[in-house]
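# Chain and residue survey
Now for the letters of each chain:
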Amino acid sequence: MTAVKPLSSVLNRLNLPQLLLIDGELQAASSGKTYEVHDPATGKPIASVAHGASADVDLAVSAARRAFENRRWRGLTAEARSRILLRLADLVEVHAEELAHLDILNNGMPLAMANALAAASAARVRSAAALSSRIYGKNASAAISGNGSEMHAYTAKEPVGVVGLILPWNAPMASFLGKVSTALAAGCTCIVKPAEATPLTALLLGELALEAGVPPGVVNVVHGFGDAGQALVDHPDVDKISFTGSTAVGKQIVRSCADNLKRITLELGGKSANIIFDDADMTVAIPGAAHAIFMNAGQACLAGSRLFVQRRALDTVLEGLSDIAGKIRLGSGFDPETQMGPLVSQRQLERVTGYIEQGRTDGAKLVTGGGRRDGDGYFVEPTIFLDPPADSGIYREEIFGPVLVVKSFDSIDEVVEAANDTRYGLAGGVFTTNVNTAHLVAGQLKTGTVWVNCYGHLHPTMPFGGYKESGWGREIDEQGLEAFLETKSVFVKLNQ
Ligand code: NAP
Ligand code: MG
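Residues numbered from 1 in each chain as written. Chains lettered and ligands numbered in written order. Predicted model: local features only at pLDDT ≥ 70, side-chain atom pairs only at ≥ 80, totals over all residues. Heavy atoms only, no water.

### Section: unusual backbone geometry
For aspartate 23, which is not glycine, the phi torsion reads 55° and is therefore positive. With respect to the helices and strands, aspartate 23 occurs in the loop between strand E1 (20–22) and strand E2 (25–27). By relative accessible area, aspartate 23 is classed as partly exposed at 26%. Look at phenylalanine 400: it is not a glycine, yet its phi comes out positive at around 65°. Relative to the assigned elements, phenylalanine 400 resides in the loop between helix H14 (393–396) and strand E15 (403–409). (Helix = DSSP H or I, 4+ residues; strand = E, 2+ residues; numbered from the N terminus. Buried < 20%, exposed > 50% of the residue type's maximum accessible area, 1.4 Å probe, protein only.)

### A word on the nonpolar core
Of all hydrophobic cores here, the largest spans 65 residues; its most connected members are Ile275, Ile276, Leu307, Val317, Leu321 and Val406. In terms of residue count, the dominant contributor to this core is helix H11 (residues 282–294) (eight residues). When residues no more than four places from it in sequence are discounted, the contact partners of leucine 307 are Asn274, Ile276, Ala289, Val317, Leu321, Leu404, Val405, Val406 and Lys407. Core analysis: the next-biggest nonpolar cluster, separate from the first, contains 62 residues, Leu117, Ala118, Ala122 and Val219 among them. (Core = buried A, V, L, I, M, F, W, Y, C linked by side-chain atoms within 4.5 Å. Contact = heavy atoms within 4.5 Å.)

### A few points about the site of ligand 1
Around ligand 1, 29 residues are found, and the nearest of them are Trp169, Glu196, Ser246, Arg351 and Glu398. In the model, an oxygen atom of ligand 1 is placed 2.8 Å from a nitrogen or oxygen of the leucine 167 main chain. Within the side chain of glutamine 348, a nitrogen or oxygen atom sits 3.2 Å from an oxygen atom of ligand 1. Protein coverage of the free-state accessible area of ligand 1, which is 850 Å², stands at 92%. Here the element with the most residues in the shell around ligand 1 is helix H9 (residues 226–234); it accounts for four residues. (Near = heavy atom within 4 Å. Polar contact = N/O pair within 3.5 Å; in protein donor to acceptor, adjacent residues only side chain to side chain. Areas by Shrake-Rupley, 256 points an atom, 1.4 Å probe, with all protein chains shown as cover.)

### Some thoughts on the packing of helix H1 (residues 8–15) against helix H4 (residues 96–107)
As a packed pair, H1 and H4 sit with axes 9 Å apart at the nearest point and diverge in direction by 60°. Classed by the angle they form, the pair H1 and H4 counts as oblique. The two elements H1 and H4 meet at a crossing, and its hand is right-handed. Contact residues: H1 offers Ser9, Val10, Arg13 and Leu14, while H4 offers Glu98, His101, Leu102 and Leu105. Residues belonging to the contact of H1 with H4 are distributed by class as follows: four nonpolar, two polar and two charged. (Axes fitted to C-alpha atoms, helices over the stretch in contact; angles between N-to-C directions. Parallel < 35°, antiparallel > 145°, perpendicular 65-115°, else oblique. Left-handed = near helix turned anticlockwise from the far one by under 90°. Nonpolar A, V, L, I, M, F, W, Y, C, P; charged D, E, K, R; others polar.)

### Overview of the environment of leucine 111
Its location among the elements puts leucine 111 in helix H5 (residues 111–131). Through-space distance from the C-alpha of leucine 111 to that of serine 332 is 8.9 Å; in sequence the pair is 221 residues apart. Apart from the residues lying within four places of it in its own chain, the contact partners of leucine 111 are Val4, His101, Ile104 and Gly333.

### As for the domain arrangement of the protein
By the assigned domains, the protein splits into domain 1 (8–268 + 470–489) and domain 2 (273–463). The C-alpha centroid of domain 2 is placed 30 Å from the C-alpha centroid of domain 1. Contact residues are listed per partner, giving 33 residues for domain 1 and 30 residues for domain 2. Each partner contributes to the roughly 2,500 Å² buried at the junction of domain 1 and domain 2, and carbon and sulfur atoms together form 62% of this total. Three residues, Pro40, Trp169 and Ser470, lead the burial of domain 1 against domain 2; their summed loss comes to 22% of the area buried on that side. Scanning the region where domain 1 abuts domain 2 turns up zero salt bridges. Counting across the domain 1 and domain 2 interface gives six residue pairs in polar contact (both at pLDDT 80 or more). (Domains from an automatic or database assignment. Buried area = accessible area lost by both parts, 1.4 Å probe. Salt bridge = Lys/Arg side-chain N within 4 Å of Asp/Glu carboxyl O.)

### Let's talk about helix H7 (residues 172–186)
The end-to-end C-alpha distance of H7 is 22 Å, a good match for the 21 Å that 15 residues give at a rise of 1.5 Å each. Most of H7 is tucked away: 14 of the 15 residues are buried. One or two steps after H7, the chain reaches glycine 187, where phi turns positive at roughly 95°. (Expected span 1.5 Å × (residues − 1).)

### A few points about the sheet that holds strand E13 (residues 365–368)
If you walk across this open sheet you meet the seven strands as E13-E14-E15-E12-E11-E16-E17, and the pairing is mixed. This sheet does not close on itself; its edge strands, each paired only once, are E13 and strand E17 (449–452). Strand-to-strand twist across the sheet, computed as the mean angle between neighbouring axes with direction ignored, equals 25°. Against the sheet, H11 makes contact with strand E11 (273–276), strand E12 (306–310), strand E14 (383–386), E15 and strand E16 (427–431), and its axis sits at roughly 165° relative to E11, the strand it touches most. Of the strands in this sheet, E11, E12 and E15 touch helix H15 (residues 412–420), which is tilted by about 175° from E12. (Pairing = 2+ DSSP bridges.)

### Some details on the pairing of E11
Here E11 shows no split at all, with Ala273 and Ile275 on one side and Asn274 and Ile276 on the other all buried. As judged from the four bridges shared by E11 and E12, these two strands associate in the parallel manner. Its bridge partner lying in E12, isoleucine 276 is registered against valine 309. In this region the chain leaves E11, passes through H11 and returns to the parallel neighbour E12; the handedness of that crossover is right-handed. (Right-handed = clockwise from strand over helix to strand, strands pointing away.)

### So, the pairing of strand E6 (residues 162–166)
The element E6 is largely enclosed, with a buried count of five among its five residues. Inspection of the sheet shows E6 paired to strand E7 (residues 189–193) by five bridges, in the parallel sense. When the bridges of E7 are listed, isoleucine 166 appears paired with lysine 193. As paired elements, E6 and strand E9 (residues 240–244) share four bridges and run parallel to each other. Looking at the pairing, isoleucine 166 lines up with phenylalanine 243 of E9.

### Observations regarding the packing of H11 against helix H12 (residues 314–327)
Following both chains from N to C, one finds H11 and H12 inclined at 50°, their axes separated by 10 Å at the closest point. With respect to their mutual orientation, H11 and H12 come out oblique. The two elements H11 and H12 cross, and the hand of that crossing is right-handed. For the pair H11 and H12, the contacting residues are Met282, Ile286, Pro287, Ala289, Ala290 and Phe294 in the first and Thr316, Val317, Gly320, Leu321, Ile324 and Ala325 in the second. In the contact of H11 with H12, the residues fall into ten nonpolar, two polar and no charged.

Encoded structure:
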């Protein structure tokens, strides 16, 4: 199969400066500064991006505030908002190939994954469109005054206001559309801060939102570095921050929001346990465990990065996993045969190879992989370590790369304790043919999501988020919507 070429419309787009989108207008950063973003498969610069900072965040917050207070978005009926979101979903589908190519160029992900994320993102926006007509409170009159004749009391749901949406780089288009569509369904206005490495889809998506009929100022996009994110977090006129990224920055955001008690939703890191029992169907479990860690080159918050295998099955699983890892095709996301792309940046490459070196030094047994691929681009081989020391970095910390650590276990109690022995609590996997084992373990894992005999499924009807240091709150569906709403209780004393 020959490699797909990036669309000429995409390449033409990248020849233009990637501007900020504020109040419906494309504009340069106030400082006039720009920075370069790179294709991680080659390490070469591909676009020049406006380098927004706090002055631009100020302008964007003012625009979002005006758009919130003049009710040009939240004042629409749910049906009108929903129609616009449905139009946005249609436009995402019309531009799916362009969006996928931008994400491949900017993040490095394989074509099949980029296409699947474009389709899933359109579905997510449609689901948000439906959510906008499910915003209603309750009537408690009868509980308060018998038949409700003395007091009419109800709750109303209101959009939380101006929200700052801070995005990670591992699924740029999907995280933009997931956060923005839910915020819009609730009636909020927003400022999006894409990750510095992957801003390219955000601008196109902001333009598509305008084309769909989202009024100017409702979705603003400010590219920039961590200081732009911090400016959003510190801004007194931002009512809520919804953040996806590292636990370290998540904690920093919590500290920063202590002054004015901004609302916060955090979707943070993970070190998720995947558990294979010896009764599992190995034709499902082994590819499942490989997919759990090697999808998107391990750059997934939900990656199954710790694998626990029941002792009798250890050799079979290690052999099967090594075989898969050794055959995974690394390459450009545009090559349809590529199964794993590069890491997103030079910085991430150094971080991941640093962990691999540390793993060797700490005495974990290297089963396969263990190096970067020669040549251009930020490629790292699928890597598996056996028996990492319990206190080692590779066993404890989120690596965010294609690095799996494997340990064996004997009993359910032992593996549940080991799986939960982490500061994270995002997700977990269980492979078994025993229905009792499946439910017992699913019930005992301290994580926001558990997959049984599969790994990594997400759906617009299923909330996603973490226990413990993997975050605060849930995204997706009604719980995700609720996070962009305030509840108001209204008591109306009636004259008899
Ligand atoms: P990060 O620093 O947490 O970045 C996430 C987002 O927050 C980016 O848009 C980032 O901007 C912004 N940001 C950085 N500092 C900020 C601050 N003080 N206030 C507000 N926003 C701020 O993550 P990273 O440095 O890109 O990646 C480091 C590690 O984070 C990864 O190796 C991985 O372990 C973890 N991570 C987790 C997820 C997830 O899905 N849970 C996603 C990405 C990364 P910049 O891009 O300019 O830094
Ligand atoms: Mg960072």
